[in-house]
Amino acid sequence: MEKDYKQHNISRRQFIGKAAAITAFMIVPRYVLGGKGYVAPSDKINLGFIGTGRQSGGLRSNFLKTNEAQIVAACDIYESKLTDFTQKVNQFYAEKAGQENYQSCKAYGDFREVLARPDVDAVVIVTPDHWHAVQAVRAAEAGKDIYCEKPLSLTIKEGRAMVNAARKHKRVFQTGNMQRSWAEFRQAAELVRNGYIGDIQTVKVNVGGPPLPYTLGAEPVPAGVNWDLWLGPNEFKPFHNYLAPAPAATFWARWRDYKGFGGGGMTDWGAHMFDIGQWALDMDNSGPVAIIPPDGKDYKYLTYKYANGITMTHEDFGKNNAIRFIGSKGQIDVQRGKLETTPSSLQTQVIGPNEKHVYLSENHYKNWLDAIRTREKPICDVEVGHRTATVCTLGNIAYELKRPLTWNPKKEKFKGDKEANAMRSRTMRTEWVIKV
């Protein structure tokens, strides 16, 4: 027995060496084992948050609820907001682990530090619109999958650059148009597509208007705020709390209201409601062919015309942040949490298995995480987000130029209008220029 024991057992030194080799293999990151972008079905997806302002709180909560993602990094130019975000993430994990302290999420002052971490699988971009394209393109180049808040881009060409980067680097890209994952909007889209209200005659979208000229004055930059990095690709503007409110502020940041930073209500809520219009009309890969601003005569409201003859207007029809589909046999009004139909029976109409169905997602955040694993497109892929943002921006350009515009959705160019075509892009500071 003594002899057999010695023959069938290795020395302590040999054991330690073999154990170390096994352990080394086990801790090799999954992105090395499976190639860039690989995530095993059983693995949690490591997320990095770019932007930790007010909007990030809901996203943080929604991703943590899935129990399929680990938030390991976050960055912001506003130190106190970043500290609050990381503390809440770490508190969540500490409570889950039954510990007093749990350091899961590390804080950074520059998004490039998050992109440089090889263990970050994907990023959630929650910054102002003027940053979206630069951060998304660089994230794609760094091999990260992307969730980007709406509206997808500040300009049309930047949106196309985001699509191109995602395709080139084979990234899974979800736009934060989460209404597509809500039942009332899905029902409205399927009712329209299946002809339950007959031939669509017009669509009305009631959201806010275009952005205002930038007129804010100067205020002292608060301690712990990197104002130059907040501006990023934009030309210098002095700090104002409307652009970057203090953590205790009770209002949403108002950069959305000003040209150069946002697109007003047209792109803010418009990115949600025009999106549902595009979806229901099956225009996710296209758009209108003409945009006509109100002229006080034939066109009372901003009007989009599609090649199939359908029109869509930017019009207050008595319901805020809502969309109305008018057909030859009925009408559908839809807004968050509310679907009204004529006839009323359509509210609960079951769409049969042999009828037309749109992409089914019941959780926008889990849908993206699932797509990261399967490498398939999520419900609001980057192309979809780009086309929706384009519709909103086309309206803003028409409002500003005050003349009818002819648009080629395939070439993404205006016909015979040099001034309008120049407005498809903007000047960026040299450090942040991306190829558009």
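Residues numbered from 1 in each chain as written. Predicted model: local features only at pLDDT ≥ 70, side-chain atom pairs only at ≥ 80, totals over all residues. Heavy atoms only, no water.

Chemist: Give a description of the environment of Asn321 that names residues and reports values.
Modeler: Within the secondary structure, Asn321 is located in the loop between β10 (311-314) and β11 (322-327). A relative accessible area of 22% means that Asn321 is categorised as partly exposed. Along the backbone, Asn321 and Glu340 are 19 residues apart, and their C-alpha atoms lie at a distance of 14 Å. Contacts of Asn321, omitting those with residues within four sequence positions, involve Asn206, Val207, Trp269, Met273 and Gln335. (Helix = DSSP H or I, 4+ residues; strand = E, 2+ residues; numbered from the N terminus. Buried < 20%, exposed > 50% of the residue type's maximum accessible area, 1.4 Å probe, protein only. Contact = heavy atoms within 4.5 Å.)

Chemist: With reference to specific residues and values, describe the pairing of β10.
Modeler: Sheet topology places strand β7 (residues 200-206) next to β10; four bridges connect them, and they run parallel. The residue of β10 that forms the bridge with Lys204 is Thr313. Inspection of the sheet shows strand β9 (residues 302-305) paired to β10 by four bridges, in the antiparallel sense. Looking at β10, one finds that Leu302 is bridged to His314. (Pairing = 2+ DSSP bridges.)

Chemist: Pulling in residues and values, what's your account of the packing of helix α7 (residues 129-141) against helix α8 (residues 156-168)?
Modeler: Pairs of packed helices are described in terms of their axes, by the angle between the two and the distance that separates them. Two elements in contact, α7 and α8, have axes whose closest approach is 9 Å; the angle formed by their N-to-C orientations is 10 degrees. Comparing the axis directions of α7 and α8 gives the class roughly parallel. The residues of α8 that touch α7, namely those facing His132, Ala133, Ala136, Val137 and Ala140, are Glu158, Ala161, Met162, Ala165 and Ala166. Classifying every residue of the contact of α7 with α8 gives eight nonpolar, one polar and one charged. (Axes fitted to C-alpha atoms, helices over the stretch in contact; angles between N-to-C directions. Parallel < 35°, antiparallel > 145°, perpendicular 65-115°, else oblique. Nonpolar A, V, L, I, M, F, W, Y, C, P; charged D, E, K, R; others polar.)

Chemist: So what's going on with the UniProt feature "domain: Gfo/Idh/MocA-like oxidoreductase N-terminal" (unreviewed entry) in the protein? Which residues, and what values?
Modeler: The UniProt entry lists residues 45-176 under the feature "domain: Gfo/Idh/MocA-like oxidoreductase N-terminal" (unreviewed entry), expressed in the numbering used here. Helix and strand shares over residues 45-176 are 48% and 20% respectively, and the end C-alpha atoms of the span are 18 Å apart. (UniProt positions renumbered as here; feature names shortened; annotations may be inferred.)

Chemist: Help me get a handle on the layout of surface pockets, residues and values and all.
Modeler: Approximately 850 Å³ is the volume attributed to the second largest pocket. If you go around the second largest pocket, you meet 33 residues; those closest to its centre are Leu154, Lys259, Gly260, Glu400 and Arg426. By residue number, the principal contributor to the lining of the second largest pocket is helix α14 (residues 382-401), which donates five residues. Residue classes in the lining of the second largest pocket are distributed as 14 nonpolar, eleven polar and eight charged. (1 Å grid on protein atoms, 1.4 Å probe; cavity = no way out; pocket = protein on both sides within 12 Å on 5 of 7 lines; lining within 4 Å. Points joined across faces, edges and corners; volume = space filled by probe spheres on them.)

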